[in-house]
Amino acid sequence: MADSILDSLKAGGKKLTKPRRAILDVLERSPLPITASAVHGRLRKSKSPVDLVTVYRNIAMLQELGLVTPVGLFEGQMRYEVRYGREHHHHIQCRGCGRIVDLMLCPLKKLTALVEQRTRFSVDDHALEFFGWCPQCQ
Ligand SMILES: [Zn+2]
Ligand SMILES: [Zn+2]
Ligand SMILES: [Zn+2]
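Just so you know, these numbers come straight off a predicted model, no measurement behind them. (Residues numbered from 1 in each chain as written. Chains lettered and ligands numbered in written order. Predicted model: local features only at pLDDT ≥ 70, side-chain atom pairs only at ≥ 80, totals over all residues. Heavy atoms only, no water.)

Draft legend 1. Structural detail: the overall build of the chain. Each helix and strand in the chain was counted, giving five helices and six strands. Oriented by its inertia axes, the alpha-carbon framework of the chain measures out at about 45 × 40 × 25 Å. The proportion of buried residues among the 138 residues of the chain is 33%. A separation threshold of at least 6 residues defines the contact pool for the chain, and within that pool the share at least 24 residues apart is 46%. Summed over its atoms, the accessible surface of the chain is roughly 9000 Å², and 54% of this surface lies on carbon and sulfur atoms. (Helix = DSSP H or I, 4+ residues; strand = E, 2+ residues; numbered from the N terminus. Buried < 20%, exposed > 50% of the residue type's maximum accessible area, 1.4 Å probe, protein only. Contact = heavy atoms within 4.5 Å. Areas by Shrake-Rupley, 256 points an atom, 1.4 Å probe, with all protein chains shown as cover.)

This is the structure:
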């Protein structure tokens, strides 16, 4: 696990506890964003199971520290993915089979400048996901 993660935890006054490490491991190994209950499910089969409440609480904390990004797709349930070591990107999900694909592009630079200009906010993040029908489901 990268030092930067330990630094982020330390800066937030948190330790890398066993459940936190286990949760980050699951998220690191998942190429696509997964739900908290999926994280819980994967940990249940491991040597150190973590209960669902603990999974939710720790994911919220990791999100606050900027280590984990929430991804809101159409399912009504948040998914999560690690932020470090991965390029900023967006997703597209199929409404038919639920398949998710990473979109390694971000077209929002100009829009961000416009938003800042109009609102005088300092924008530091945004969320954008696409939905549609994959080739198999069309
Ligand atoms: Zn599909
Ligand atoms: Zn992703
Ligand atoms: Zn973007």
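Draft legend 2. Expanded view of the coordination of the zinc ion (ligand 2). Here the zinc ion (ligand 2) is held by Glu81 (OE), His89 (NE2), His91 (NE2) and Asp102 (OD), and the distances to it run 2.0 to 2.4 Å. Note that the zinc ion (ligand 2) binds four donor atoms; their angles at the metal cover 89 to 147°, and the shape is irregular. Sequence spacing of the donors to the zinc ion (ligand 2): E-x7-H-x1-H-x10-D. On the criterion of sequence distance, the pair formed by Glu81 in strand S3 (residues 78–82) and Asp102 in strand S5 (residues 100–103) is long-range, its members being 21 residues apart. Looking at Glu81, the relative accessible area reads 5%, which means it is buried. (Donors = N, O, S within 2.8 Å, 3.2 Å for Na, K, Ca; no water. Tetrahedral: all angles 85-135°; square planar, octahedral: opposite > 155°, others 65-115°.)

Draft legend 3. Seen up close, helix H2 (residues 18–29). An ideal rise of 1.5 Å per residue puts 16 Å on 12 residues; H2 measures up with 17 Å between its terminal C-alpha atoms. Those residues of H2 that fall on the buried side of the exposure criterion are Arg20, Ala22, Ile23, Leu24, Val26 and Leu27. (Expected span 1.5 Å × (residues − 1).)

Draft legend 4. The arrangement of the environment of Cys134 in detail. Inspection of the secondary structure assignment puts Cys134 in the segment after strand S6 (129–132). For the pair Cys134 and Gly98, spaced 36 residues apart in sequence, the C-alpha separation works out to 9.1 Å. Once residues within four sequence positions are removed from consideration, Cys134 is found in contact with Cys94, Cys97 and Arg99.

Draft legend 5. Representation of unusual backbone geometry within the structure. In this model, Arg120 sits at a positive phi of 60°, which is unusual for a non-glycine residue. The topology assignment puts Arg120 in the loop between helix H5 (109–119) and S6. Judged by relative accessible area, Arg120 falls into the exposed class, the value being 78%.

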